[in-house]
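Tertiary structure, described
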Amino acid sequence: MIGNHDDRDAFRAAFPDAPRNRHGFVQQVVDTPMGRFVLLDTHEPGRPEGRLCEQRLEWLGEAIEGWSGPLFLFLHHPPFPVGFDRMDRIRLQDGDALASVLARSNASIWHLFVGHLHRNVAGSWRGWPFTGVRGTSHQIALDFTMRSDAPVSFEAPGYGVVLVEADGVIVHFGEVTS
Ligand SMILES: [Fe+2]
């Protein structure tokens, strides 16, 4: 998934075979034996916050229409605040609209995966479980008092390993140590 630091044209040039939808957004459906994975493009050129415009949301609605099995969503910008003022202001701006599309579907939403926060964070949003993992570069400090800045920290980069089983999802958190 591309995020705020990416460039859609550069991405297309570097990955010409990467699927994109009819409007040119880097969104795709990956059907797996464990469920439908939907990858969303929340990049908004020149802006740190994320957007899902009408075109992207309409595509999502079509992508999950008629699907009643497990659904996994992947998007860079979290659609909800997490308590970090600066990061919350540059979250996905269209969370309500996204939730409306999801709530209208018959899909069983098993998990949302987000980036952007550069921290391990997990919880639920409107009843749907979510996970985000550390950045592969710097991290954002665990500091709920900073108001105007996103305090960078140099905790180790991290990654997640997701195990999707027939009856649930397990997320492991790994650290990159040198
Ligand atoms: Fe980001």
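One structure accompanies this document, and this report is about it.

The rules we used
- Residues numbered from 1 in each chain as written.
- Predicted model: local features only at pLDDT ≥ 70, side-chain atom pairs only at ≥ 80, totals over all residues.
- Heavy atoms only, no water.
- Donors = N, O, S within 2.8 Å, 3.2 Å for Na, K, Ca; no water.
- Helix = DSSP H or I, 4+ residues; strand = E, 2+ residues; numbered from the N terminus.
- Buried < 20%, exposed > 50% of the residue type's maximum accessible area, 1.4 Å probe, protein only.
- Core = buried A, V, L, I, M, F, W, Y, C linked by side-chain atoms within 4.5 Å.
- Contact = heavy atoms within 4.5 Å.
- Arc of directions from axis to C-beta.
- Axes fitted to C-alpha atoms, helices over the stretch in contact; angles between N-to-C directions.
- Parallel < 35°, antiparallel > 145°, perpendicular 65-115°, else oblique.
- Left-handed = near helix turned anticlockwise from the far one by under 90°.
- Nonpolar A, V, L, I, M, F, W, Y, C, P; charged D, E, K, R; others polar.

1. Considering the coordination of the iron ion
Distances from the iron ion to its protein donors, Asn4 (OD1), His76 (NE2) and His116 (ND1), fall within 2.1 to 2.2 Å. Summarised as a motif, the one-chain spacing of the donors to the iron ion is N-x71-H-x39-H. Residue Asn4 is found in the segment before α1 (8-14), and its partner His76 is found in the loop between β3 (70-75) and α3 (85-89); the two are separated by 72 residues along the sequence. Per residue, the accessibility class of Asn4 equals that of His76, and both read buried.

2. Some thoughts on the nonpolar core
By size, the foremost hydrophobic cluster in this structure holds 24 residues, and its most contacted members are Val38, Leu40, Leu60, Leu98, Leu102, Leu112 and Trp125. When contributions to this core are tallied by element, the ones reaching two or more residues are α2 (54-64), β3, α4 (95-104), β4 (108-114) and β6 (128-132). Looking at this core, the element that brings in the most residues is α2, giving 5 residues. Sequence-distant contacts of Leu40, that is, excluding residues within four places in its chain, are made with Met1, Val26, Gln27, Leu52, Trp59, Leu60, Leu73, Phe74, Leu75 and Leu98. Phe37, Phe72, Phe74 and Phe113 belong to the second largest nonpolar core, which has 7 residues in total.

3. Some details on α4
Within α4, burial applies to Gly95, Leu98, Ala99, Val101 and Leu102. The buried residues of α4 occupy an angular sector of 160 degrees when the element is viewed end-on, so they sit on one face. Opposite the buried face of α4, by more than 90 degrees, sit the exposed residues Asp96, Ala103 and Arg104. On its buried face, α4 is in contact with α2, β3, β4, β5 (121-125) and β6.

4. Considerations on α2
Listed as buried for α2 are Arg56, Leu57, Trp59, Leu60, Ala63 and Ile64. The buried residues of α2 occupy one face: seen down the axis, they fall within an arc of 155 degrees. Just beyond α2, the residue with positive phi is Gly66, at close to 80 degrees.

5. Things to note about the packing of α2 against α4
Between α2 and α4, the shortest axis-to-axis distance is 10 Å and the interhelical angle comes to 20 degrees. Between α2 and α4, the angle is such that the two are roughly parallel. Remark: the crossing between α2 and α4 carries right-handed chirality. Taking contact as the criterion, the partners of Leu57, Leu60, Gly61 and Ile64 in α2 are, on α4, Ala97, Leu98, Val101 and Leu102. Partitioned by chemical class, the residues of the contact of α2 with α4 number 7 nonpolar, 1 polar and no charged.

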